[in-house]
Amino acid sequence: MNLCVFMVINVREEIFSVFSAEFYCIDVGTSSAIITPRVSTDSDKHQGFCAFRPVTPEEAVEESLLLDSIAWPETSPLVSLEQTSDPAHSTFTVLPRKGGGQWHVGDQLEVMIKMHDFQGHPRKSGGDLLLSRLHNPRLGAGVAGQVVDHLNGSYSAVFTLIWEGDAQVTLVHPSEAITLLRRLNREVPDRIYFKSLFRSGSKTETTTCNVCLRPAQRPLCNYTDLRTGEPWFCYKPKNLSCDARVRHFTGGFDENLTAKEKKLFQNNVNMKVPIRASGSPSVTVLPHEVRSSVVKSGPSGYYYQGAWRALGGTVVRQFNSPSAISQCLRSKMIHVHGDSTVRQWYEYLDAALPDLKEFNIHSMRQGGPVMAFDYRNNIFLKFRCHGAPLRIDSFPSRELHYVANELDSLPGGSDTVVVLGVWAHFGTFPIEVYIRRLQSIRKAVVRLLDRAPGTLVVIRTGNMKTMDFMKALTNSDWYSIQRDKVLRAVFKGLNVRLVDAWEMVLAHHLPHDLHPQPPIIKNMVNVLLSYICPQ
């Protein structure tokens with residue numbers, strides 16, 4: 001039997017002059033203890049100055065497979081902007097139906113996309129990030145398409161035809177921009193940096209903190225979590241103890257780009273720009289009525305008359321009144337953990353239920369914990385943000401709780417609903433940081449479901465967003481889609497439910513937003529409630 005421990009006497013006072021977390025595995029099944037390091041010192045794997053939670057051999061194999069599964073086509077560095085993909089010179093064409101004849105509901109529509117550079121020359125390589133959807137404003141309908149990269153400058157977008165509509169294709173980033181985004185996460189994972197305030201009496205100091213701290217000739221305070229192994233470090237204050245840390249907040253942003261590199265991230269030029277159709281983008285489908293039952297594979301769902309309809313699995317019900325929501329949530333405890341994109345669900349339910357009264361515990365609403373009660377219907381609702389890394393205004397450091405630890409404190413049961421949404425704050429870090437956070441959460445979910453199988457666990461995926469220069473370097477859709485793929489793979493096969501925020505935002509006619517607009521949130525909450533109260 002192996003017992004893994006983090007070898008510190010006092011986590012608050014343990015100070016390191018070099019940046020390395022010491023984890024050990026002790027074989028307690030034999031008469032002599034065998035101690036072996038659990039953290040690799042491979043500078044390439046750890047990007048030099050980032051700390052990683054230690055993993056089991058099985059988790060290490062899984063991590064390698066996950067990295068292979070999200071591998072992006074190799075792209076070349078930027079030479080000149082003129083040689084990168086230009087949406088204004090690029091086109092897409094709706095291909096004829098295979099076998100000819102009229103399109104029918106359930107057919108697979110294919111769109112061919114041809115990318116050209118700013119000089120009008122065809123691109124010869126792949127790696128651009130493209131999004132596609134089919135929409136029909138008259139029907140309030142939309143469905144996401146799947147883009148296939150042929151690695152030669154051409155791409156296909158495939159749609160499942162559920163109704164007639166217009167195809168749309170958008171260039172999010174040219175491949176050279178993705179090369180740069182990938183390099184930033186490898187070389188500058190600390191471009192968003194964090195601060196902590198230390199206080200003792202009237203004395204205060206502020207230092208920089210991160211999971212990726214550059215080596216410096218000063219000691220570190222080690223706040224690695226003893227239960228999960230999640231690392232977090234701060235430079236030690238000059239005159240105060242590590243125990244004196246009281247607040248956590250976002251320190252700032254360093255862009256670290258040349259003027260030429262910045263040109264890869266221009267709104268209305270080469271970032272989140274629609275590509276025009278060569279010919280008509282419209283498709284007429286027979287029969288004209290919606291018949292989703294003939295759809296065998298493809299998207300997770302679609303919008304029709306503004307309402308999200310799932311393809312396969314749970315039927316999405318419409319909870320259009322406070323009484324319908326209250327009836328569904330009666331005698332339920334809903335624990336919402338994660339970032340602000342799931343806090344939106346808490347806020348939606350808090351506003352939708354007139355008998356739900358928020359209990360004032362004098363906490364920051366931005367991060368929580370916040371909780372509300374409906375005594376008449378015996379409903380309990382709580383939100384708490386996840387632990388660091390967390391981009392937030394000044395927040396009590398004692399309230400930075402890791403999701404895995406919170407799940408371990410829940411008894412669970414058929415009256416318990418757990419909602420998780422952890423993705424938006426991990427874009428700037430090496431993907432291994434996110435993989436290992438999810439693996440830690442997954443282990444806690446498994447423990448919860450083992451002791452209380454009736455517990456419902458619902459996970460919100462990531463989504464695309466509107467972008468400007470800074471958002472592209474910190475929360476690019478490319479970062480989000482990579483983490484979205486990882487999240488789905490990590491929780492695949494577990495008895496959990498997914499709310500596919502990626503497709504629900506992509507398929508909707510409203511602009512992309514990190515925090516989707518109310519009509520989309522309403523549909524997401526309807527999916528959540530349909531899991532709680534299936535038809």
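What you see is a predicted model, and the numbers here were worked out from it, not measured in a lab.

A. Local environment of the overall build of the protein chain. Across its full length, the protein chain holds eleven helices and 30 strands. Within the protein chain, the proportion of its 535 residues that are buried is 55%. When contacts within the protein chain are restricted to residue pairs at least 6 apart in sequence, long-range pairs at least 24 apart make up 73% of them. Just so you have it, the protein chain exposes about 22800 Å², and 52% of that area is on carbon and sulfur atoms.

B. Structural view of the environment of Ile392. Its location among the elements puts Ile392 in the loop between β26 (379–385) and β27 (395–396). In the structure, Ile392 is positioned 141 residues away from Gly251 in sequence and 9.4 Å away in space, judged by C-alpha atoms. Setting aside chain neighbours within four positions, we find Ile392 in contact with His248, Phe249, Thr250, Gln366 and Gly367.

C. How the structure looks around the pattern of salt bridges. Evaluated as defined, the whole model comprises 27 salt bridges. With a closest N to O distance of 2.9 Å, Arg123 and Glu176 form a salt bridge. Placement of Arg123 in the loop between β7 (108–114) and β8 (129–136) and of Glu176 in helix α2 (residues 175–187) is noted, with a sequence separation of 53 residues between them. Pair check on accessibility: Arg123 and Glu176 agree, each one buried. In this structure, Arg384 engages Glu406 in a salt bridge whose closest nitrogen and oxygen atoms are separated by 3.5 Å. In this pair, Arg384 sits in strand β26 while Glu406 sits in helix α6 (residues 403–408), placing the two residues 22 residues apart along the sequence. You can call Glu406 buried: its relative accessible area is 13%. Overlapping salt bridges, with partners in common, bring together Arg53, Glu59, Glu230, Arg437 and Lys443 in one network.

D. Structural view of the nonpolar core. Counting residues in each nonpolar core, the largest one holds 72 residues, and the members touching the most others are Phe265, Leu329, Met524 and Ile532. Among the elements that make up this core, the one with the highest residue count is helix α11 (residues 518–532) (nine residues). If you count residues domain by domain, this core takes at least three from each of domain 1 (81–178 + 268–283) and domain 3 (316–532). Contacts of Phe265, omitting those with residues within four sequence positions, involve His173, Ala177, Leu180, Leu181, Leu257, Asn270, Met271, Phe469, Ala472 and Leu473. Leu410, Leu420, Phe426 and Leu449 belong to the second largest nonpolar core, which has 48 residues in total.

E. Expanded view of the sheet that holds strand β30 (residues 497–499). Spatial strand order, β24-β25-β26-β23-β28-β29-β30: seven strands in an open sheet with mixed pairing. Two strands close off the open sheet at either side, each with one partner strand: β24 (357–359) and β30. The sheet shows a mean angle of 20° between the axes of neighbouring strands, direction not considered. Looking at chain direction, strand β29 (residues 456–460) and β30 are connected through three bridges and run parallel. The residue of β30 that forms the bridge with Val458 is Arg497.

F. Quick peek at the state of the cysteines. Tallied over the full model, the rule gives four disulfides. Here Cys221 connects covalently by a disulfide to Cys242, the sulfurs 1.9 Å from one another. The disulfide joining Cys221 to Cys242 has a torsion of about -80° about its S-S bond and is therefore left-handed. Here Cys242 lies in the loop between β16 (233–235) and β17 (245–253) and Cys221 lies in strand β15 (residues 220–222), a separation of 21 residues in the sequence. With a relative accessible area of 0%, Cys221 lands in the buried category. Taking the relative accessible area as the measure of exposure, Cys242 reaches 1% and is therefore buried. Disulfide connectivity for the protein chain, with bonded cysteines indexed by sequence position, reads 1-3, 2-5, 4-6, 7-8.

G. Examining the packing of aromatic side chains more closely. Under the defined criterion, the tally for this structure stands at nine aromatic pairs. Summarising the aromatic geometry, the rings of Trp72 and Trp478 are spaced 6.0 Å apart at their centres and angled 90° between planes, so their arrangement reads as edge-to-face. Of this pair, Trp72 sits in the loop between α1 (57–69) and β5 (91–94) while Trp478 sits in helix α9 (residues 477–490); the two residues are 406 residues apart in sequence, bridging distant segments of the chain. Taken as a pair, Trp72 and Trp478 share a single burial class, namely buried. Pairing Phe373 with Phe380 gives two aromatic rings, centres 5.2 Å apart and planes at 45°, and the pair type is tilted. Note on Phe373: relative accessible area 23%, which makes it partly exposed. In this structure an aromatic cluster arises from ring pairing among Phe359, Phe373, Tyr375 and Phe380.

Parameters and conventions
- One numbering rule holds for all chains: residues counted from 1, following each sequence as written.
- Under the rules for a predicted model, residues below a pLDDT of 70 receive no local features and side-chain atom pairs below 80 are neither given nor counted, while totals for whole chains, interfaces and linings still include all residues.
- In computing side-chain properties, one takes all heavy atoms of the structure into account and sets aside hydrogens as well as water.
- Secondary structure follows DSSP: runs of H or I at least 4 residues long count as helices, runs of E at least 2 residues long count as strands, and numbering of each begins at the N terminus.
- Working definition: with a 1.4 Å probe on protein chains only, accessible area under 20% of the residue-type maximum means buried, over 50% means exposed, and in between means partly exposed.
- We call two residues in contact whenever any of their non-hydrogen atoms come within 4.5 Å of each other.
- Areas reported as accessible are Shrake-Rupley estimates using a 1.4 Å probe. Residue values count occlusion only from the protein chains shown.
- Throughout this description, the term salt bridge denotes a Lys or Arg side-chain nitrogen within 4 Å of a carboxyl oxygen of Asp or Glu.
- Here, nonpolar core means buried Ala, Val, Leu, Ile, Met, Phe, Trp, Tyr and Cys residues that are tied together by side-chain atoms lying within 4.5 Å of each other.
- Domain delimitation follows an automatic or database domain assignment.
- What makes two strands pair is DSSP finding at least two bridges between them.
- Helix axes are fitted only over the stretch in contact, all axes being lines through C-alpha atoms; the angle between N-to-C directions runs from 0 to 180 degrees.
- For the purposes of this analysis, a disulfide is any pair of cysteine sulfur atoms at a distance within 2.5 Å.
- Any two rings among Phe, Tyr and Trp, with Trp reduced to its six-membered ring, count as a pair given centres within 6.5 Å; such a pair is stacked if its planes are under 30 degrees apart, edge-to-face if over 60, and tilted if neither.

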